[in-house]
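So you can see what is in the structure, the chains are spelled out below.
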Amino acid sequence: MQKLDTQTPYITTSIGSPLYLLKEKAAYCPATNSLFIADTHFGKAGHFRKAGIAVPESVHLEDYKIIEELIHTYQPANFYFLGDLFHSDLNAQWVRLEEFLEGFTEVNFILIKGNHDILPKKIYQSSTIKVIDQPLELDHLILSHEPMEDLKERKINLCGHIHPGFSAGGSGARKIKVPCFLHRPGQLILPAFGKFTGLYNVTAEIADRLFLVTGTKVILFNLNP
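*Asks:* I would appreciate a short explanation of the environment of Phe196 in the present structure.
*Replies:* For Phe196, the location among the structural elements is in the loop between strand E13 (187-189) and strand E14 (200-201). You can call Phe196 partly exposed: its relative accessible area is 23%. A C-alpha to C-alpha distance of 8.6 Å links Phe196 and Phe42, two positions 154 residues apart in sequence.

*Asks:* What am I meant to see in unusual backbone geometry here?
*Replies:* Its identity is not glycine, yet His41 carries a phi of approximately 55°, on the positive side. Looking at the secondary structure, you find His41 in the loop between strand E4 (34-37) and helix H1 (44-50). The exposure class of His41 is buried, given its relative accessible area of 4%. Phi at Gln75 takes a positive value of approximately 45°, unusual for a residue other than glycine. You can see Gln75 is positioned in the loop between helix H2 (61-74) and strand E5 (78-81). Owing to a relative accessible area of 47%, Gln75 belongs among the partly exposed residues under this scheme.

*Asks:* Mind showing me how you'd approach the pairing of strand E16 (residues 218-221) here?
*Replies:* Across a regular strand the side chains alternate sides, sitting on one face of the sheet and then on the other. Bridge analysis of strand E15 (residues 209-213) against E16 gives 4 bridges, and the strand direction is antiparallel. Note that in E16 the partner of Val213 across the bridge is Val218. What sits between E15 and E16 in their antiparallel hairpin is a turn of 4 residues, with Gly215 showing a positive phi close to 105°.

*Asks:* Mind showing me how you'd approach the nonpolar core here?
*Replies:* Note that soluble globular proteins tend to have their nonpolar side chains buried in a common cluster. Counting residues in each nonpolar core, the largest one holds 30 residues, and the members touching the most others are Ile67, Phe79, Phe81, Trp94 and Phe109. Mapped onto this core, the elements with two or more residues apiece are E4, H2, E5, helix H3 (93-101), strand E6 (108-112) and helix H4 (121-125). A per-element tally of this core places H2 first, with 6 residues. When residues no more than four places from it in sequence are discounted, the contact partners of Ile67 are Ile37, Phe42, Phe79, Phe81, Phe100 and Phe193. Judged by nonpolar contacts, the second largest core, of 23 residues, contains Leu21, Phe181, Leu188 and Phe211.

*Asks:* I keep staring at the pairing of E15 and nothing clicks. Help me out?
*Replies:* Counting buried residues along E15, 4 of its 5 residues qualify, which places the element largely inside the surrounding structure. Across 4 bridges, strand E12 (residues 176-184) lies against E15 in antiparallel orientation. Following the sheet pairing, His183 is matched in E15 by Arg209.

*Asks:* Quick question: what am I supposed to make of H2 here?
*Replies:* In an α-helix there are 3.6 residues to a turn, and that puts residues three or four apart on one side. Between its terminal C-alpha atoms H2 stretches 20 Å, which fits the 20 Å expected from 14 residues at 1.5 Å a residue. Among the residues making up H2, those that are buried are Asp63, Tyr64, Ile66, Ile67, Leu70, Ile71, Thr73 and Tyr74. In the stretch just after H2, Gln75 is the one whose phi turns positive, near 45°.

*Asks:* Explanation requested: the layout of surface pockets in the structure shown.
*Replies:* If a probe as big as a water molecule is rolled over the atoms, it shows which places are left empty. Here the second largest pocket defines a volume of roughly 190 Å³. Taken together, Lys23, Glu24, Lys25, Glu62, Lys65, Ile66, Glu69, Pro179, Lys195, Val213 and Gly215 make up the full set of residues lining the second largest pocket. Sort the elements by how many residues they give to the lining of the second largest pocket and H2 lands first, with 4 residues. Its residues assigned to classes, the lining of the second largest pocket shows 3 nonpolar, 1 polar and 7 charged.

*Asks:* Teacher, can you tell me more about the sheet that holds strand E2 (residues 18-21) here?
*Replies:* Two pairing modes exist for strands in a sheet, parallel and antiparallel, and in both the strands are linked by backbone hydrogen bonds. Taken in spatial order, the 7 strands make up an open sheet running E1-E2-E3-E4-E5-E6-E7, and their pairing is mixed. Edge strands, defined here as strands with exactly one partner in the open sheet, are strand E1 (10-12) and strand E7 (129-132). Direction aside, neighbouring strands of the sheet carry axes that sit 20° apart on average. Strand direction decides the pairing type here: E6 and E7, joined by 4 bridges, are parallel. Looking at the pairing, Ile112 lines up with Ile132 of E7. Against the sheet, H2 makes contact with strand E3 (27-29), E4, E5 and E6, and its axis sits at roughly 160° relative to E4, the strand it touches most.

The rules we used
Residues numbered from 1 in each chain as written. Predicted model: local features only at pLDDT ≥ 70, side-chain atom pairs only at ≥ 80, totals over all residues. Heavy atoms only, no water. Helix = DSSP H or I, 4+ residues; strand = E, 2+ residues; numbered from the N terminus. Buried < 20%, exposed > 50% of the residue type's maximum accessible area, 1.4 Å probe, protein only. Pairing = 2+ DSSP bridges. Core = buried A, V, L, I, M, F, W, Y, C linked by side-chain atoms within 4.5 Å. Contact = heavy atoms within 4.5 Å. Expected span 1.5 Å × (residues − 1). 1 Å grid on protein atoms, 1.4 Å probe; cavity = no way out; pocket = protein on both sides within 12 Å on 5 of 7 lines; lining within 4 Å. Points joined across faces, edges and corners; volume = space filled by probe spheres on them. Nonpolar A, V, L, I, M, F, W, Y, C, P; charged D, E, K, R; others polar. Axes fitted to C-alpha atoms, helices over the stretch in contact; angles between N-to-C directions.

Structure follows, in structure tokens:
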């Protein structure tokens, strides 16, 4: 396993274990040897094509490549999808996803169901993915799709759903818009992993921290002077 770069930002949990924030829009927890991503929205291209919008399946290929690289780099025992793994209705992309995940027999794949994870139950039962219908406690973490409102003391809610992003630099072509990790007291909201997803400009409070994802690194953005 490749060692983490000393410049990789992280947040510290209540038990002193780091949770690393990766440029691939993933989080890694060495204490549980687990990787976490949110909002992949695989199959969304097929969903758009059904609606008459020409979007090629190739939009998902880069996401598969990044997942493969993450697994080879960190060699996780567990890989958690924090909801919206597959975008709504069943299409041929589901078979492609299953075939891809079956290539990593040493990894446990777990899905915390999100609002777009609406495939028939029998489809999930026949897959290589373990599906969890409700928030899951994992040591010092609570995994969910949507951000939880009732946070537990000394726990961090790890979630997705809102596709957090940050904009700066004026208007038009000069405007920069990037995904980000949104760290709030007791909560870490992951950026949307899927390339074929939008961004929601988040409003940060004084106690929040934004970690901007540039594609080559993750940078802490100082909200306060």
